[in-house]
Amino acid sequence: QVLLVESGGGLVQAGGSLRLSCAASGRTFSSYNMGWFRQAPGKERECVATISWSGGYTNYADSVKGRFTISRDNAKNTVYLQMNSLKPEDTAVYYCAASNTWTTVRGDFHSWGQGTQVTVSS
């Protein structure tokens, strides 16, 4: 288990950008694969991006590919989600999560942050 705290959410106009951060506690952060999920009202929580423990592998949902970039700094125990060309449909609560496996399945992530709200106005 690892404690995760997200930040960087807010209100932005369509076409704008935001950078989310997720700070992790503990010395085992660099051993975890990390993911960013989002959940819009009335919808299932979906995985938007994942990054391997080394940062060498990334994966994106089709809906964000080419617009979002996931990265990590293991020296700072932090994972980031750079979101560009934001659309109103990107509005959701965004969560970071940690997993021991390379996966996009929600149930495979054992630690979750509290979430940060992203609202994109049209």
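The sections below set out a description of the structure shown in this document. It should be emphasised that the depicted structure is a prediction, and the values quoted were computed from it without experimental measurement. (Residues numbered from 1 in each chain as written. Predicted model: local features only at pLDDT ≥ 70, side-chain atom pairs only at ≥ 80, totals over all residues. Heavy atoms only, no water.)

1. A closer look at the packing of aromatic side chains
Link 1 in the chain: Tallied over the entire structure, the rule returns four aromatic pairs.
Link 2 in the chain: With a centroid separation of 6.5 Å and an interplanar angle of 80°, the aromatic rings of Tyr95 and Trp112 are classed as edge-to-face. In this pair, Tyr95 sits in strand S9 (residues 92-99) while Trp112 sits in strand S10 (residues 109-112), placing the two residues 17 residues apart along the sequence.
Link 3 in the chain: The ring of Tyr80 carries Arg19 above its face, with NZ or CZ at 4.0 Å from the centroid.
Link 4 in the chain: Arg45 extends its terminal NZ or CZ atom over the ring of Trp112, reaching a point 5.0 Å from the ring centre. (Phe/Tyr/Trp six-rings, centres within 6.5 Å; stacked < 30°, edge-to-face > 60°. Helix = DSSP H or I, 4+ residues; strand = E, 2+ residues; numbered from the N terminus. Lys NZ or Arg CZ within 6 Å of the ring centre and 35° of its normal.)

2. Section: the side chain of Thr50
Link 1 in the chain: Tracing the chain through its elements places Thr50 in strand S5 (residues 46-51).
Link 2 in the chain: Among residues more than four places away in sequence, those in contact with Thr50 are Met34, Gly35, Tyr57, Thr58, Asn59, Ile70, Trp102, Thr103, Thr104 and Phe109. (Contact = heavy atoms within 4.5 Å.)

3. Some remarks on the environment of Val2
Link 1 in the chain: One can find Val2 in the segment before strand S1 (4-7).
Link 2 in the chain: With 25 residues separating them along the chain, Val2 and Arg27 place their C-alpha atoms 9.0 Å apart.
Link 3 in the chain: Excluding anything up to four places from it in sequence, Val2 contacts Ala24, Ser25, Tyr32, Ala98 and Ser111.

4. Describing the sheet that holds strand S7 (residues 68-73)
Remark on secondary structure: sheet strands pair via backbone hydrogen bonds, oriented parallel or antiparallel.
Link 1 in the chain: Across the sheet, four strands lie side by side as S1-S3-S8-S7; this open sheet has antiparallel pairing. Looking at which strands have only one partner, the edges of the open sheet turn out to be S1 and S7. Sheet twist, expressed as the average angle between the axes of neighbouring strands with direction ignored, equals 15°.
Link 2 in the chain: Relative to strand S8 (residues 78-83), S7 is paired through six bridges, and the arrangement is antiparallel. Bridged to Ile70 within S8 is Leu81. (Pairing = 2+ DSSP bridges. Axes fitted to C-alpha atoms, helices over the stretch in contact; angles between N-to-C directions.)

Distances and angles like these do not, on their own, reveal function.
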